[in-house]
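Observations on the model geometry
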Amino acid sequence: MTRKDGRAFDQLRPIKITTDFVKFAEGSCLIECGDTKVLCCASVEDRTPPHVPEGAGWVTAEYSMLPRANRERSKRDVSKLKLSPRSAEIQRLVGRSLRAAVDMSKLGEHTITIDCDVLQGDGGTRTASVTGGFIALCLACRKLVEEGALASSPIRHYVTGVSAGIVDEQPMLDLQYSEDSRAQVDLNCIMNEQGELIELQGTGEGRAFTLAEQQELVRLCAKGNRELLAIQKQVLGGKL
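All figures in this text were calculated on a predicted structure; none of them were measured in a lab. What you see as residue numbers is a count from 1 along each chain, following the sequence as written. Local features in this predicted model are restricted to residues of pLDDT 70 or higher, and side-chain atom pairs are both shown and tallied only at a pLDDT of 80 or more, whereas totals for entire chains, interfaces and linings draw on every residue. Each side-chain value is worked out from all heavy atoms of the structure, with water and hydrogens disregarded.

Moving on: the overall build of the protein. Assigned secondary structure in the protein consists of five helices and nine strands. Helix numbers and strand numbers start at the N terminus; a helix is a DSSP run of H or I with at least 4 residues, a strand a run of E with at least 2. Taken from N to C terminus, the helices and strands of the protein fall in the order β-β-β-β-α-α-β-α-β-β-α-β-β-α. C-alpha atoms define the radius of gyration in this analysis, and the globule rule sets the expected value at 2.2 Å times the number of residues to the power 0.38. Taking 18 Å as the expected radius of gyration for a compact globule of 240 residues, we find that the protein reaches 18 Å, a close match to that expectation. Its C-alpha atoms put the protein at 55 × 40 × 30 Å along the principal axes. The buried share of the protein, taken over its 240 residues, is 49%. For the protein, long-range pairs separated by at least 24 residues make up 69% of all intrachain contacts whose partners lie at least 6 apart in sequence. Per-residue and other accessible areas follow the Shrake-Rupley method at a 1.4 Å probe size, with only the shown protein chains counted as cover for residues. Carbon together with sulfur atoms contributes 49% to the accessible area of the protein, which is approximately 11600 Å² in total. For the protein, the distance from the average site of its 31 positive side-chain charges to the average site of its 33 negative ones is 3 Å. A simple rule labels every residue: compare its accessible area, found with a 1.4 Å probe on the protein chains alone, to the largest value its type can have, and call it buried under 20%, exposed over 50%, or partly exposed in between. Any two residues whose heavy atoms approach within 4.5 Å at even a single point are treated as in contact. His is not counted, nor are the chain ends; Lys and Arg add positive charge and Asp and Glu add negative charge. A single reference atom marks each charge: NZ on Lys, CZ on Arg, CG on Asp, CD on Glu.

Okay, here's the thing in structure tokens:
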């Protein structure tokens with residue numbers, strides 16, 4: 001089956017990550033996965049939420065799509081006086097994924113918030129937010145170390161995310177919108193650098209799917225995540 005953009009079924013879209021994209025954030029990057037573009041900014045506060053144990057830190061995330069990130073204008077969440085259910089679900093995913101990478105006891109009493117704003121959406125915005133959000137998080141932690149606020153980086157391991165799906169009975173990696181919108185099965189996979197799963201979200205959009213199909217999609221995602229990990233390491237200079 002030939003994909004619209006000519007990619008092989010197991011091939012990622014072109015990835016570009018531009019660090020320090022925003023002047024004032026403690027860490028930032030613009031991640032471009034094909035035509036999907038997400039701005040990820042990390043902000044540091046010298047306080048933590050009430051539920052966090054004394055001496056520990058916290059990492060959280062917020063996610064939003066700009067009004068013209070899609071083909072038609074969407075209303076801002078603020079105009080609806082509440083966060084959309086989709087945005088709430090995605091930002092919880094991003095927050096959980098990034099917290100998995102951090103030793104909260106080494107972070108100290110700091111909160112790092114990763115804002116993921118979709119400038120242009122063409123599929124895979126949540127997984128791009130995880131991959132780019134991790135870069136922003138690392139850069140913010142580096143700054144805390146450089147400024148003497150932390151003795152060492154609290155980052156324990158890398159985190160990447162990618163999607164896969166079944167379209168016209170063909171398993172595919174990294175779906176763009178034209179594929180994602182008609183996928184029979186959709187799966188999002190977040191992994192660490194050891195190839196271990198942090199989060200797996202699989203949905204039968206058009207039909208149920210088998211365990212064998214799930215395993216094939218996870219195999220594709222593992223390949224994609226290894227390639228994303230190599231890009232992250234290159235962007236970060238090979239060190240956390």
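In this section: the pairing of strand β2 (residues 27–33). With seven of seven residues buried, β2 is to be regarded as a mostly interior element. Where burial is concerned, the two faces of β2 agree: the one with G27, C29, I31 and C33 and the one with S28, L30 and E32 are both buried. Two strands make a pair as long as DSSP finds a minimum of two bridges between them. Note: strand β1 (residues 15–19) against β2, five bridges, orientation antiparallel. Counterpart to K16 in the pairing with β2 is E32. Here seven bridges tie β2 to strand β3 (residues 36–45), and the two strands are oriented antiparallel to one another. Bridge assignment links G27 to a residue of β3, and that residue is A42. Taken together, β2 and the strand that follows it, β3, pair antiparallel across an intervening segment of two residues, in which G34 is found at a positive phi of about 60°.

As a further point, take the packing of aromatic side chains. Here is the rule: rings of Phe, Tyr and Trp (six-membered ring for Trp) pair when centre to centre is within 6.5 Å. Planes less than 30 degrees apart are stacked, more than 60 are edge-to-face, and the remainder are tilted. Across all of its chains, the model carries one aromatic pair by this definition. Note on F134 and Y158: the rings are 5.5 Å apart at their centroids and 45° apart in plane angle, and the pair reads as tilted. Within this pair, whereas F134 is found in helix α3 (residues 125–146), its partner Y158 is found in the loop between α3 and β6 (159–167), the two being separated by 24 residues in sequence. For the pair F134 and Y158, a shared accessibility class is recorded, and that class is buried.

Okay, a positive patch on the surface next. On the surface, a cluster of positive charge is contributed by R68, R73, K75 and R76. With respect to the element layout, R73 can be found in the loop between β4 (58–65) and α1 (85–99). For R73, a relative accessible area of 55% puts it in the exposed group. Patch membership requires over 30% relative accessible area and the absence of a salt bridge. Like charges are linked within 9 Å, and nonpolar side chains (Val, Leu, Ile, Met, Phe, Trp, Tyr) within 5 Å. Counted as salt bridges are all cases of a side-chain nitrogen of Lys or Arg within 4 Å of a carboxyl oxygen of Asp or Glu.

This paragraph deals with the nonpolar core. Among buried residues, those of type Ala, Val, Leu, Ile, Met, Phe, Trp, Tyr and Cys that are joined through side-chain atoms within 4.5 Å constitute a nonpolar core. Counting residues in hydrophobic clusters, the biggest one holds 45 residues, and the most contacted among them are V59, V102, L107, I112, I114, F134 and L137. It is α3 that contributes the most residues to this core, 11 residues altogether. When neighbours within four sequence positions are excluded, V59 is seen to be in contact with G95, L98, R99, V102, M104, L107, I112 and L137.

Here we come to the side chain of T127. Mapping T127 onto the fold places it in helix α3. Not counting residues up to four positions away in its chain, the partners in contact with T127 are G161, V162, S163, N188 and I190.

Looking at the secondary structure, you find H110 in the loop between α2 (104–107) and β5 (111–120). In contact with H110, not counting residues within four places along its chain, are V44, E45, D46, R47, T48, G57, W58, L144, A149 and L150.

Counting through the fold element by element, C33 comes out in strand β2. Looking at C33, the relative accessible area reads 7%, which means it is buried. With 94 residues separating them in the primary sequence, C33 and T127 have C-alpha atoms 9.9 Å apart. Contact partners of C33, with chain neighbours within four places excluded, come to R13, P14, I15 and A128.

Our focus in this paragraph is the environment of S153. The residue S153 is located in the loop between α3 and β6 in this model. Apart from residues lying up to four places away in sequence, S153 is in contact with K106, C141, V145 and L240. At 3.2 Å, the side chain of S153 forms a polar contact with the backbone nitrogen of I155. N or O atoms closer than or at 3.5 Å make up a polar contact, with two conditions inside protein: a donor-capable atom paired with an acceptor-capable one, and, for residues adjacent in sequence, both atoms drawn from side chains.

Our focus in this paragraph is the packing of α1 against α3. Note on definitions: angles span 0 to 180 degrees between N-to-C directions of axes, and those axes are lines fitted to C-alpha atoms, for helices only across the stretch in contact. It is at 10 Å that the axes of α1 and α3 come closest, and there the two elements cross at 40°. In terms of orientation, α1 and α3 fall into the oblique class. Judged by the twist between their axes, the crossing of α1 over α3 is right-handed. Where α1 abuts α3, its residues R86, E89, I90, L93, V94, S97 and L98 lie against T125, R126, S129, V130, G133, F134 and L137. A class-by-class count of the residues in the contact of α1 with α3 yields seven nonpolar, four polar and three charged. The scheme is simple: roughly parallel for angles under 35 degrees, roughly antiparallel for over 145, roughly perpendicular for 65 to 115, oblique for anything else. Crossing handedness: left-handed means the near helix sits turned counterclockwise from the far one by under a right angle, and right-handed means the same turn made clockwise. Residues are sorted three ways: Asp, Glu, Lys and Arg are charged, Ala, Val, Leu, Ile, Met, Phe, Trp, Tyr, Cys and Pro are nonpolar, and all the rest, Gly among them, are polar.

None of the figures reported here should be taken as evidence of function without further support.
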